[in-house]
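Each chain, written out:
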Amino acid sequence: MFSKKVIGFQGLFVFLCLLTIMAGQAVAAEYWLQVGAANKTMADGSRVPVWGFGLDPDKNLTTADGAISVPGPTLRVAPDDNVLIIHLKNNLSEPVSLNILGQRLTNNSGPVWTNFPADTETWIGARPAGNYTARVRSFTHETQPGQVGEYRWESFRPGTYLLQSGTNPAKQVQMGMFLPVIKDTAQGFAYADVPYNFELIVIFHEIDPTIQNAIAAGTYGAVPNATIGSSVLYEPKYFLMNGMSYPDKGLLSINGTEPLFQGERLLIRFLNAGLETHVPQLLGLYMTLWSEDGNRLQYPRQEYGFELATGKTADVIVVSPKNPPWHYPLYDGKLNLTNNGAYPGGMFSYIRSSVPEHLGAETVQ
Amino acid sequence: MDRIGKQHHIRVVLLIGALLLFFGTGAQGAIVGISGNSFNLVAKQDVIVTSDGDSTIIWGYAVTNAGGETGRAQYPGPTLIVIEDVPVTITLSNELPNESGNASIVFPGHQVTATGGVDGLMTQEARQAHLKPTNAEKQVTYTFTPTEPGTYLYRSGTRADLQVEMGLFGALIVRPAATPAGGDPAKKYAYNHVDSEYDREVLYLMSETDPIIHRQVEERQWNLIDFTKYFPTNWFINGRNYPDLLAENNVPWLPTQPYNCQPRMHPGEKLLIRFIGAGRQTHPMHFHGNDFETIAADGRLLSSAPGAGPDLAWQATTIKSIPGQTADLVWGWTGKELGWDIYGHSPEDPLEPYEYAPNHGKPFPVVLPPRDAVTYGAFYSGSPFLGGEGELPPGHGGLNAAGGYFYMWHSHTEKELTSNDIWPGGLISFMIVEHPDVPID
Amino acid sequence: MKRRTRYGSMIVLLTLFGWLWALTVSANVLVQCPGDTNGDGISEDPNIVCRSITGGDGYTTMADGLGLYIFSFGDADGVPADRVIADLTLKAQLPAPTIVLKQGQELYLTMTNVGMAVRPDLFDPHTVHWHGFPNAAPIFDGLPEPSPSANMGNSMTYYYNAVVPGTYFYHCHVEAAEHMQMGMIGNLWVTPKQDGTSIGGFTKFAYNDEDGSTGYDVAFPLLLTGFDSFFHIASDTVQALPFAAMFDEYPMINGRGYPDTINPNDILNQEGFGAQKIPSLITATAGQRILLRVSNISTTHQYTFATTLGVPMKVVGRGAALLRGPDGKDTSMTVNVLNVGGGQDYDVILDTSGVAPGTYFLYTTDLANLSNGDQERGGIMTEIVINPL
């Protein structure tokens with residue numbers, strides 16, 4: 001059925017909120033994740049191998065380990081939580097690790113270097129003295145295939161963050177090992193003075209099927225039978241927002257089916273999990289940019305678009321200009337509007353303000 | 001060293017004629033465009049010339065004048081100059097070749113009402129001719145009221161990756177409705193604040209082309225067009241490559257590329273640079289000579305609070321043009337603190353306007369190599385001094401008769417300083433700071 | 001796998017002899033250094049800094065072993081005028097020698113064009129462009145179009161009154177797409193007058209901030225660029241230069257790809273000369289503030305970078321200017337990820353307070369550029385070693 005398909009963000013958000021509420025007053029956000037291989041169906045029907053994260057619903061990482069999605073599931077740290085703990089089961093056949101740009105991994109027992117390209121020797125914690133040829137494989141401690149590793153971030157700072165694999169990132173992050181991690185400063189507040197009514201997460205990334213197929217087949221990298229040695233000639237064919245390309249239905253109303261009444265505030269958390277810069281652009285409205293990489297700006301900026309570099313996150317507020325219904329295009333200003341050469345496609349969506357009685361009548365353009 | 005005497009003044013004036021023949025003139029201080037509140041545009045196909053001697057098919061917005069005559073498509077589209085708070089109406093019809101698609105315009109930063117045409121992805125679109133559109137479907141009317149002055153762009157909302165690449169974009173300038181509080185009615189302001197004052201303005205609208213895409217369009221090989229392989233090899237400022245952008249506006253030999261890029265100014269003046277990323281690539285533009293101040297982005301002053309003016313302005317010599325975004329920069333030059341007299345004055349000579357007095361009369365600090373030890377650039381006057389002139393080797397074109405200071409304003413992705421594999425080309429332009437006595441209109 | 005670029009040694013020897021003869025006949029090598037009373041190229045006036053560099057060609061080694069032909073500047077400090085061409089032919093360095101000045105000093109920079117030994121068919125002049133110098137005048141701006149540029153065998157002395165502190169860089173501007181791709185780039189910065197005074201526990205600052213906000217303990221330059229290996233091989237083998245196809249596939253920091261970025265030794269070229277002299281290893285004691293002087297001079301790419309320190313980067317300066325608005329508002333930026341376009345320079349402070357001792361990484365988040373050509377796990381990456389107190 002949908003065991004390997006993308007999980008909609010709305011459903012996941014509600015599910016996690018319920019989990020948090022049921023857990024009571026927590027001091028740590030704790031998750032059980034698996035990472036494994038799957039196949040992803042593109043908007044034009046073709047399938048590409050991916051490696052991605054999945055939440056393990058029964059938290060034991062021994063029975064069925066949870067559906068994999070690219071992007072991975074959203075993890076949340078409650079406003080009064082200081083600690084994020086992830087138990088990671090590695091269902092791939094190579095070591096993995098975790099890294100959150102901008103947060104400190106408190107129990108880091110890595111990094112891990114190897115004698116590239118043979119990878120027959122490893123050194124952990126420090127580069128061997130006088131050795132200038134060893135190359136890092138993992139920024140943080142590794143979880144070997146079939147094993148479960150624990151990753152703890154203490155003093156977790158508020159904001160929107162990107163969690164990625166910390167192992168050979170050009171390969172593993174490219175394959176899909178990334179997910180958003182979010183912490184508010186208070187219920188309904190992205191930052192101390194930045195309230196919001198609704199939240200939308202928008203993750204940009206791209207897929208080069210030739211490279212991803214080679215990675216899945218084991219013919220990528222510094223290996224004897226490599227067809228592709230590195231990603232330097234990366235040429236993506238698919239361009240995705242939240243794992244979908246236009247005209248995937250989820251992009252026709254990327255923020256779901258909420259009514260946004262006049263004056264209400266939509267918080268959009270942008271993340272660039274791809275290998276290329278993108279330009280989130282809104283047609284018809286201005287956004288107020290409040291933070292970059294989880295750091296609240298001293299002075300917010302009014303823009304209708306901005307540069308979102310690789311690995312970067314940005315939180316913006318869009319104020320609903322009128323009562324529903326309305327819709328505005330939200331897309332990549334670099335005009336990556338193609339699905340493997342076919343138009344229309346790529347990074348194009350609408351944000352909408354809907355009310356139930358309008359849903360059936362809404363024409364989709 | 002060459003020192004200029006009082007005769008230079010007369011020589012300079014006499015040589016202006018020769019100079020003006022080469023460099024663009026006409027409205028040096030302002031931007032060429034169409035002013036008004038009602039515009040009739042037509043999307044059409046035509047041809048442009050690139051500085052490597054090639055020509056390429058483009059799609060551009062052509063203008064229908066009051067008499068109902070439509071001109072040729074232009075690259076970029078016409079610069080539309082409107083007034084804050086005055087409603088703007090733009091009609092668009094579609095004369096693109098069959099199967100090119102519908103035509104439309106989107107106006108980032110503005111709340112637009114579109115009527116007529118057919119529903120499109122981003123807005124209403126004027127239907128293709130071969131689909132036998134009704135009169136209502138043939139034309140779209142876009143109306144909006146610009147509520148904030150500033151620099152904006154417009155571009156196609158139909159199959160935007162292809163149509164923007166083909167040239168369907170242009171600049172939109174919104175002038176303030178009134179003089180800002182505390183301002184001088186005789187001065188020019190970009191925004192509703194006195195700190196947005198300027199003396200001259202210039203447009204820097206950046207775009208690029210991939211010749212393969214344009215050839216496929218020309219051959220109507222629609223199913224071969226593949227933007228995942230996009231690789232531009234031609235880059236344009238205001239629709240022209242270097243050195244074509246040095247020529248005047250509206251030269252007859254570039255009929256579909258009316259706009260030049262040839263800023264000139266005097267020391268101490270303020271130049272407003274309206275900087276637009278109209279294409280799909282980012283271009284880091286580097287400005288030799290001095291820092292600029294970025295005062296606005298996307299038509300909004302960089303302001304800590306409403307009414308505070310550009311108090312968050314930042315300065316640098318390089319800024320990236322972001323696709324679909326705009327910025328406003330203010331640039332000036334005085335040559336202060338160079339450590340030597342830029343005019344080659346004797347101490348008893350009078351000061352020029354904005355001259356840095358502590359350096360007045362200070363001698364030139366080094367011995368320049370003899371003429372046969374160096375290559376004289378085409379824009380070297382023969383003298384290191386502003387307004388100066390000196391002996392030039394035989395065969396030198398003498399292209400800087402007024403002794404101006406030339407600064408290259410160019411992309412720092414230097415690959416883009418070529419036109420389809422030919423150096424020089426692409427994103428090279430020159431600011432000329434002229435001696436205060438040299439007239440620039 | 002090592003690849004060597006070929007050239008006939010005999011041909012080079014012959015052309016070298018011809019060169020030296022031709023150059024001595026018309027040579028005009030002149031190092032200008034006011035206040036230099038004993039001819040050592042150093043001025044006795046502490047306010048004057050004299051530097052002597054050469055413009056010419058040479059070789060480098062990429063991190064996958066590939067040898068690539070380059071143009072760049074060599075180090076001629078203290079070399080007598082009559083030895084410059086003979087001693088510094090084929091001694092181009094990548095990046096070029098670093099130039100450091102104090103605010104208020106005057107720089108007399110002599111650049112001698114020693115010619116391109118491997119390409120005797122080329123007659124290119126060379127120039128020096130101080131990128132970002134405020135209120136520049138064309139005579140010293142290094143743009144060949146509006147100025148004289150030194151022909152082969154000749155020198156030009158550039159004069160700069162360094163009144164504005166900050167992080168800059170310099171490069172040749174002759175046929176910029178070619179000469180910059182070929183490697184004629186170097187680090188340059190000016191320290192502020194405030195240095196030496198004590199503010200907030202610091203005595204070194206990026207700018208005259210008056211409040212210590214740009215204070216640092218240790219500083220490192222990070223000059224980002226890339227090489228298009230096909231372009232360099234075409235230049236070496238006298239082929240037409242592929243401008244339209246130019247695409248950097250050897251991204252580098254300070255002229256090296258990872259892991260050579262962390263190698264403290266010179267990287268030797270195929271002549272046995274250490275052309276690549278600047279490592280990028282970042283070291284600090286826990287709690288110290290690190291200043292990164294970052295610039296990008298790639299002719300084809302922009303590069304984005306981040307660190308795994310887990311602390312944000314504070315961008316305190318850009319374009320050799322303190323990030324403060326016209327009336328003093330703090331416009332510094334706190335980010336985890338920073339994009340640097342060609343021609344941009346930034347001053348980035350890393351505050352390591354609370355960071356556990358260990359090794360961290362500064363790397364490009366444009367992950368495709370973690371490559372040395374077709375070799376993975378290379379490119380724009382270096383290591384940050386935080387030592388215990």
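Calculation notes
All chains use their own residue numbering, which begins from 1 and follows the written sequence. Chain letters and ligand numbers both follow the written order, the letters beginning at A and the numbers at 1. The predicted nature of this model means local features are confined to residues of pLDDT at least 70 and side-chain atom pairs, given and counted, to a pLDDT of 80 or more, with totals for whole chains, interfaces and linings taken over all residues. The basis for every side-chain value is the complete set of non-hydrogen atoms in the structure, without hydrogens or water. By the convention used here, residues are in contact when the closest approach between their heavy atoms is within 4.5 Å. Joining two parts hides part of their accessible area as seen by a 1.4 Å probe, and the buried area is that hidden amount summed over both. Here a salt bridge means any side-chain nitrogen of Lys or Arg lying within 4 Å of a carboxyl oxygen belonging to Asp or Glu. Here a polar contact is recorded for every N or O atom pair within 3.5 Å, except that within protein the pair must consist of a potential hydrogen donor and a potential acceptor, and residues adjacent in sequence are included only if both atoms are side-chain atoms. By definition, any uninterrupted DSSP run of H or I lasting at least four residues is a helix, any uninterrupted run of E lasting at least two residues is a strand, and each is numbered from the N terminus. Residue classes follow a fixed rule: Ala, Val, Leu, Ile, Met, Phe, Trp, Tyr, Cys and Pro count as nonpolar, while Asp, Glu, Lys and Arg count as charged, and any other residue, Gly among them, counts as polar. Between any two strands, at least two bridges found by DSSP are needed for them to pair. Scored from 0 to 100, pLDDT records how confident the predictor is in each individual residue. In this text, buried Ala, Val, Leu, Ile, Met, Phe, Trp, Tyr and Cys residues form a nonpolar core when linked through side-chain atoms within 4.5 Å. Only protein chains enter the area calculation, which uses a 1.4 Å probe; residues under 20% of their type maximum are buried, those over 50% are exposed, and those in between are partly exposed. Whenever a pair of cysteine sulfur atoms sits within 2.5 Å, that pair is classed as a disulfide. All axes are obtained by fitting lines to C-alpha atoms, using only the stretch in contact for helices, and the reported angles, taken between N-to-C directions, cover 0 to 180 degrees. Buriedness of a pocket was judged along seven lines, with at least five required to meet protein on both sides within 12 Å; pockets are open sets of points on a 1 Å grid over the protein atoms alone, cavities are sets where a 1.4 Å probe fits but cannot get out, and lining residues have an atom within 4 Å of a point. Grid points are joined across faces, edges and corners, and a volume is the space filled by probe spheres set on the points.

> Kindly report on the interface of chain C and chain B, identifying the contributing residues and their values.
On the side of chain B, 62 residues touch chain C, which itself brings 66 residues to the contact. Surface buried jointly by chain C and chain B totals about 4,900 Å² across both partners, of which 59% is contributed by carbon and sulfur atoms. Of all residues in chain C, Asn135(C), Glu145(C) and Ala244(C) give up the largest surface area on contact with chain B, accounting jointly for 14% of the area buried on that side. The tally of links from chain C across to chain B stands at one salt bridge. In this structure, the salt-bridge partner of Lys329(C) is Asp311(B), at a minimum N-O distance of 2.8 Å. One can count 36 residue pairs in polar contact (both at pLDDT 80 or more) joining chain C with chain B. Elements with a minimum of two residues in the side of chain C that touches chain B: strand 5 (129-131), helix 3 (138-141), strand 6 (148-150), strand 7 (155-161), strand 8 (166-171) and helix 4 (176-181) of chain C. If one sorts the elements of the side of chain C that touches chain B by residue count, strand 7 of chain C sits on top with five residues. Taken together, the residues of the side of chain C that touches chain B sort by class into 32 nonpolar, 27 polar and seven charged. Examined bridge by bridge, strand 24 (residues 374-376) of chain B and strand 6 of chain C share three bridges and lie antiparallel to one another. Looking at the pairing, Val374(B) lines up with Ala150(C) of strand 6 of chain C.

> I'd like to hear about the confidence of the model for chain B, residue by residue, with values.
Atomic detail in the predicted coordinates should be set aside for any region of low pLDDT. Residue and element names in this part refer to chain B. Of all residues in chain B, 93% attain a pLDDT of 70 or more, and the chain-wide mean is 93. Here residues 1-22 is modelled with pLDDT under 50, and outside its nearest four sequence neighbours on either side it reaches 40 contacts, counting other chains as well. Confidence estimates for the predicted assembly give a pTM of 0.93 and an ipTM of 0.93.

> Give me the confidence of the model for chain A: which residues, what numbers.
All names here are of chain A. On average, residues of chain A score 91 in pLDDT, and 90% of them are at 70 or above. Residue range residues 1-8 is modelled with pLDDT below 50. Its contacts to residues more than four positions away, or to other chains, number 14 contacts. Note on residues 359-365: pLDDT is under 50 here. Beyond four places in sequence and across chains, it has 14 contacts.

> Tell me about the interface of chain A and chain B, and please be specific about residues and values.
Counting residues at the interface gives 34 residues for chain A, matched by 35 residues for chain B. Buried area between chain A and chain B, summed over both chains or domains, comes out near 2,900 Å², and the portion from carbon and sulfur atoms is 54%. Summed over the three residues of chain A that lose the most area to chain B, namely Tyr304(A), Leu335(A) and Tyr343(A), the buried surface amounts to 23% of that side. Linking chain A with chain B are two salt bridges. Ionic pairing is found between Lys320(B) and Glu307(A), a salt bridge with its closest N-O pair at 2.8 Å. If you look at where chain A meets chain B, you find 18 residue pairs in polar contact (both at pLDDT 80 or more). Of all the secondary structure elements, the ones that give two or more residues to the side of chain A that touches chain B are strand 19 (295-303), strand 21 (326-332) and strand 22 (348-353) of chain A. The class makeup of the residues in the side of chain A that touches chain B is 19 nonpolar, 10 polar and five charged.

> Residue-level account of the nonpolar core, with values.
Counting residues in hydrophobic clusters, the biggest one holds 146 residues, and the most contacted among them are Tyr204(B), Trp331(B), Trp340(B), Trp130(C) and Leu292(C). Leu292(C) has contacts with Phe220(C), Leu222(C), Ile282(C), Tyr346(C), Asp347(C), Val348(C), Leu350(C) and Leu362(C), leaving out every residue within four places of it along the chain. Judged by nonpolar contacts, the second largest core, of 89 residues, contains Ile254(A), Phe270(A), Tyr286(A) and Phe306(A).

> Give a description of the state of the cysteines that names residues and reports values.
Residue and element names in this part refer to chain C. Overall, the coordinates contain one disulfide over all chains when judged by the stated rule. Disulfide partner of Cys33: Cys50, at an S-S distance of 1.9 Å. Because the sign of the S-S torsion sets the handedness, a value of about 90° for the bond joining Cys33 and Cys50 places this disulfide among the right-handed ones. Of this pair, Cys33 sits in the loop between helix 1 (9-26) and strand 1 (48-61) while Cys50 sits in strand 1, and the two are 17 residues apart along the sequence. Accessibility classification places Cys33 together with Cys50 in one group, the buried group.

> Can you break down the pairing of strand 14 (residues 200-209) of chain B residue by residue, with the values?
All names here are of chain B. With 10 of its 10 residues buried, strand 14 lies for the most part within the structure. Both strand 14 and strand 17 (residues 271-277) contribute to a ladder of seven bridges, which runs parallel. Bridged to Leu205 within strand 17 is Ile276. Bridge count between strand 14 and strand 15 (residues 234-237): four bridges; the pairing is antiparallel. If you follow Thr209 over to strand 15, its bridge partner there is Asn234.

> Give a description of the sheet that holds strand 18 (residues 287-292) of chain A that names residues and reports values.
All names here are of chain A. The mixed open sheet is built from six strands, whose spatial order is 15-14-16-20-18-19. The sheet is open, and its two borders are formed by strand 15 (238-241) and strand 19, each paired with just one other strand. Neighbouring strand axes in the sheet, compared pairwise and without regard to direction, differ in orientation by 20° on average. Pairing geometry for strand 14 (residues 198-207) and strand 15, over four bridges, is antiparallel. Opposite His205, over in strand 15, you have Leu240 as the bridge partner.

> How would you summarise the environment of Thr214(C) if you had to cite specific residues and measurements?
Residues and elements named next belong to chain C. With respect to the secondary-structure elements, Thr214 resides in the loop between strand 10 (204-205) and strand 11 (215-216). Separated by 46 residues in the primary sequence, Thr214 and Tyr168 place their C-alpha atoms 16 Å from one another. There is a polar contact of 2.5 Å between the side chain of Thr214 and the side chain of Asp209.

> Could you give an account of empty space enclosed by the protein, with specific residues and numbers?
Applying the stated rule across the entire model yields nine cavities of 30 Å³ or more. Taken as a whole, the second largest cavity spans an internal volume of roughly 110 Å³. For the second largest cavity, the lining is made up of 14 residues, of which Val136(A), Asn168(A), Pro169(A), Arg377(C) and Met381(C) are closest to its centre. In terms of residue count, strand 8 (residues 135-138) of chain A provides more of the lining of the second largest cavity than any other element does, three residues in total. Looking at the lining of the second largest cavity, its residues break down into seven nonpolar, four polar and three charged.

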